[in-house]
Amino acid sequence: MTSMANDLSSQRAVRWHPPSYDIRVETLPIPEIEHPDDAIVKIKLAGLCGSDLHMYRGTARLTEPCIMGHEFIGEVVALGASFHSNSTGRPHLYSTLRVGDKVVSPFTVSCGECHFCRVGFTCRCIESRLFGTPMTPGGQAQYVRVRRAGGTLYSLQEIPDGSLLADSSLLLLCDILPTGVFAAFQALSHAKTLPFTTRQPYPLSASPSQAGDVSFLPLLEEDTSLTMAVIGLGPVGVCACIALLDMLVTRKVKFSVIAIDPNEARRTKMASIYSIISGTQQFGEFQVADTSNVKEIVTTLTKGVGCNAVLEVVGNTSALRLAYELVRPFGCINSVGVHSDHAVPYKGVELYDKNVSLDFGRCPVRAMFPMALELLLKRQDVLGLVGGETSLVEKIASFDDAAQIYDDFDKGKCGKVLFDPWK
């Protein structure tokens, strides 16, 4: 084992206490290597995410205190015995990762070796653990222990010109940017949206080797235009909009995108971001809308047909219900919001009568890193800034302000905040 080059025994960490709304900054032991596959990472920045609020509000129903946070970037300061240059037959980081390397972590542990990891469904790894829970202490600390680190961590040493990117920008790779990319990718890859991107009728759009039915009329212009909605303009929703617009323009698809949120400040920010990223693209239209008037907007825009796909990035039943009301027959709803144990607000007959497809769940962040990184490098104009009108990251704060920031974030008084554990 390679050990940390210091003799410190304690660290500061942001810790939640049950049952709810109780955040404390405490002095705790620094984690140590416990398994040969472990790594200890010295945190440079840690993020506060909307899904942290499930823990904060007590809706996760946990009964033990825990170190918060599932977004972190840092430097490797210790490695278990599995990490050596002669490692073979395992994820390549076991042979290449070194003390001193800069790394970013997805929000869940993934071994990189099981069936789910091999096929790319890394969020459902058999070793999967969510950082920021009692069993897996999180990254809102000065140090964190990363289990199965060779399959979990992503080395930033491998990014060309990665040194030019701010840590605050790279931290977006932990969760919100890959999740936004995942939501857009899932929707545009769905069999029910392919007729509009391939300009071929269903099911020929998904099986181009088949012969088409000549008894059908050719597609009209309106048959090749996608109308999509994004519900929720928090940080993940903004990332989903950016990713969706980039994919649509890259594929030269004619589109209309409606970005929806009841919060005026969020709508204003999204509109400002669009003014930057729209450039000279000529393929579509984009508008922001309130939840109170979006049904009328979609009805007018689509002549009553509805949206081809709706991305739900909130994680509550009202957003899911709105998604159903906006989606067209033979459309799809893609939900990446973190949901509680409330029942899904649809009857089976409603889904059947509309032929609606539902796609739910956690982003396989580790598998999405390359695609998210490509967008991060392309869109540094909005993803690389802190504190500006169009910045996803509002500010970088000290742990001393953690309790107040959690309260503000919970009440919608602030946006995306990062913690500097050493500030």
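As the structure is a prediction and not an experimental result, all values here were calculated from the model. (Residues numbered from 1 in each chain as written. Predicted model: local features only at pLDDT ≥ 70, side-chain atom pairs only at ≥ 80, totals over all residues. Heavy atoms only, no water.)

**With respect to the overall build of the protein chain**
Step number 1: A tally of helices and strands in the protein chain yields 15 helices and 16 strands.
Step number 2: Relative to the globule expectation of 22 Å for 423 residues, the C-alpha radius of gyration of the protein chain, 22 Å, shows essentially globular dimensions.
Step number 3: Here the C-alpha coordinates of the protein chain stretch approximately 75 × 50 × 45 Å along the principal axes.
Step number 4: Here the protein chain holds 423 residues, and the buried ones make up 54% of them.
Step number 5: At a minimum sequence separation of 6, the contacts of the protein chain that also span at least 24 residues come to 72%.
Step number 6: If you average the places of the 39 positive and of the 44 negative side-chain charges in the protein chain, the two averages end up 2 Å apart. (Helix = DSSP H or I, 4+ residues; strand = E, 2+ residues; numbered from the N terminus. Rg over C-alpha atoms; globule rule 2.2 N^0.38 Å. Buried < 20%, exposed > 50% of the residue type's maximum accessible area, 1.4 Å probe, protein only. Contact = heavy atoms within 4.5 Å. Lys, Arg positive; Asp, Glu negative; His and termini not counted. Charge placed at Lys NZ, Arg CZ, Asp CG, Glu CD.)

**Re unusual backbone geometry**
Step number 1: The omega torsion across Pro18 and Pro19 is 10°, close enough to zero to call that bond cis.
Step number 2: Omega for the bond connecting Tyr202 with Pro203 falls within 30 degrees of zero, at 0°, which places this linkage in the cis form.
Step number 3: Relative to the helices and strands, Pro203 is located in the loop between helix H7 (194-198) and strand S9 (225-231).

**Topic: the side chain of Asn334**
Step number 1: Mapping Asn334 onto the fold places it in strand S13 (residues 327-335).
Step number 2: Dropping the residues within four chain positions of it, Asn334 is found in contact with Ala183, Gln186, Ala187, Val310, Leu311, Glu312 and Asp359.

**A closer look at the packing of aromatic side chains**
Remark: the centre distance and the inter-plane angle together describe each pair of aromatic rings, the angle taken between the planes.
Step number 1: As enumerated under the stated definition, the model contains ten aromatic pairs in all.
Step number 2: Where Tyr56 meets Tyr406, the ring centres are 5.3 Å apart and the plane angle is 45°; that geometry is what we call tilted. Within this pair, whereas Tyr56 is found in helix H1 (residues 52-56), its partner Tyr406 is found in helix H15 (residues 402-410), the two being separated by 350 residues in sequence.
Step number 3: For Tyr56, a relative accessible area of 4% translates into the label buried.
Step number 4: Centre to centre, the rings of Tyr202 and Phe330 are 5.4 Å apart; their planes meet at 75°, and the pair counts as edge-to-face. A residue pair is termed long-range when its members are at least 10 positions apart, and Tyr202 in the loop between H7 and S9 and Phe330 in strand S13 qualify at 128 residues.
Step number 5: Residue classification places Tyr202 among the partly exposed residues on the basis of a relative accessible area of 47%.
Step number 6: By way of ring pairs, the aromatic residues Tyr21, Tyr56 and Tyr406 are connected into one cluster.
Step number 7: Taking NZ or CZ as reference, Lys42 lies 4.8 Å from the ring centre of Trp422, over its face. (Phe/Tyr/Trp six-rings, centres within 6.5 Å; stacked < 30°, edge-to-face > 60°. Lys NZ or Arg CZ within 6 Å of the ring centre and 35° of its normal.)

**Here's the deal with the state of the cysteines**
Step number 1: For the structure shown, the criterion picks out zero disulfides.
Step number 2: No disulfide involves Cys114; its sulfur sits 3.8 Å from that of Cys117, the nearest cysteine.
Step number 3: Distance from the sulfur of Cys239, which forms no disulfide, to the nearest cysteine sulfur (Cys241) is 9.4 Å. (Disulfide = S-S within 2.5 Å.)

**Focus: the packing of helix H6 (residues 176-189) against helix H8 (residues 235-250)**
Between two packed helices, what matters for the description is the angle formed by their axes and the separation of those axes.
Step number 1: The N-to-C vectors of H6 and H8 enclose an angle of 45°; their axes lie 7 Å apart at closest approach. The angle between H6 and H8 places the two elements in the oblique class. Once H6 is placed against H8, the crossing between them reads as right-handed. For the pair H6 and H8, contact is made by Ile176, Leu177, Thr179, Gly180, Val181, Ala184, Phe185 and Leu188 and by Pro235, Val236, Cys239, Ala240, Ala243, Leu244, Met247 and Leu248, respectively.
Step number 2: When its residues are assigned to classes, the contact of H6 with H8 shows 14 nonpolar, two polar and no charged. (Axes fitted to C-alpha atoms, helices over the stretch in contact; angles between N-to-C directions. Parallel < 35°, antiparallel > 145°, perpendicular 65-115°, else oblique. Left-handed = near helix turned anticlockwise from the far one by under 90°. Nonpolar A, V, L, I, M, F, W, Y, C, P; charged D, E, K, R; others polar.)

**Quick notes on the environment of Val298**
Step number 1: For Val298, the location among the structural elements is in helix H10 (residues 294-302).
Step number 2: Placed 71 residues apart in sequence, Val298 and Thr227 show a C-alpha to C-alpha distance of 8.6 Å.
Step number 3: Residue contacts for Val298: discarding those within four places in its chain leaves Ile258, Lys303, Gly306, Cys307 and Leu326.

**Some words on the packing of H8 against helix H9 (residues 264-277)**
Step number 1: Between H8 and H9, whose axes approach to 11 Å, the crossing angle comes to 25°. Overall, the two elements H8 and H9 adopt an arrangement that is roughly parallel. When the axes of H8 and H9 are compared, the crossing they make is right-handed. Every residue of H9 that contacts H8 at Val238, Cys241, Ile242 and Leu245 is listed here: Met270, Ile273, Tyr274 and Ile277.
Step number 2: The class makeup of the residues in the contact of H8 with H9 is eight nonpolar, no polar and no charged.

**As for the pattern of salt bridges**
Step number 1: Considering all chains together, one arrives at 22 salt bridges under this definition.
Step number 2: Here Arg24 makes a salt bridge to Asp22, at a shortest N to O gap of 2.8 Å.
Step number 3: Among the residues examined, Asp22 registers a relative accessible area of 21% and is labelled partly exposed.
Step number 4: Glu34 serves as the salt-bridge partner of Arg145, at 3.2 Å between the closest nitrogen and oxygen. Remark: Glu34 occurs in the loop between strand S2 (23-29) and strand S3 (39-48) and Arg145 occurs in strand S7 (residues 143-146); sequence separation between them is 111 residues.
Step number 5: Residue classification places Glu34 among the exposed positions, given a relative accessible area of 61%.
Step number 6: Within this structure, Asp37, Arg90, Glu113, Glu127 and Arg148 form a network of salt bridges that share partners. (Salt bridge = Lys/Arg side-chain N within 4 Å of Asp/Glu carboxyl O.)

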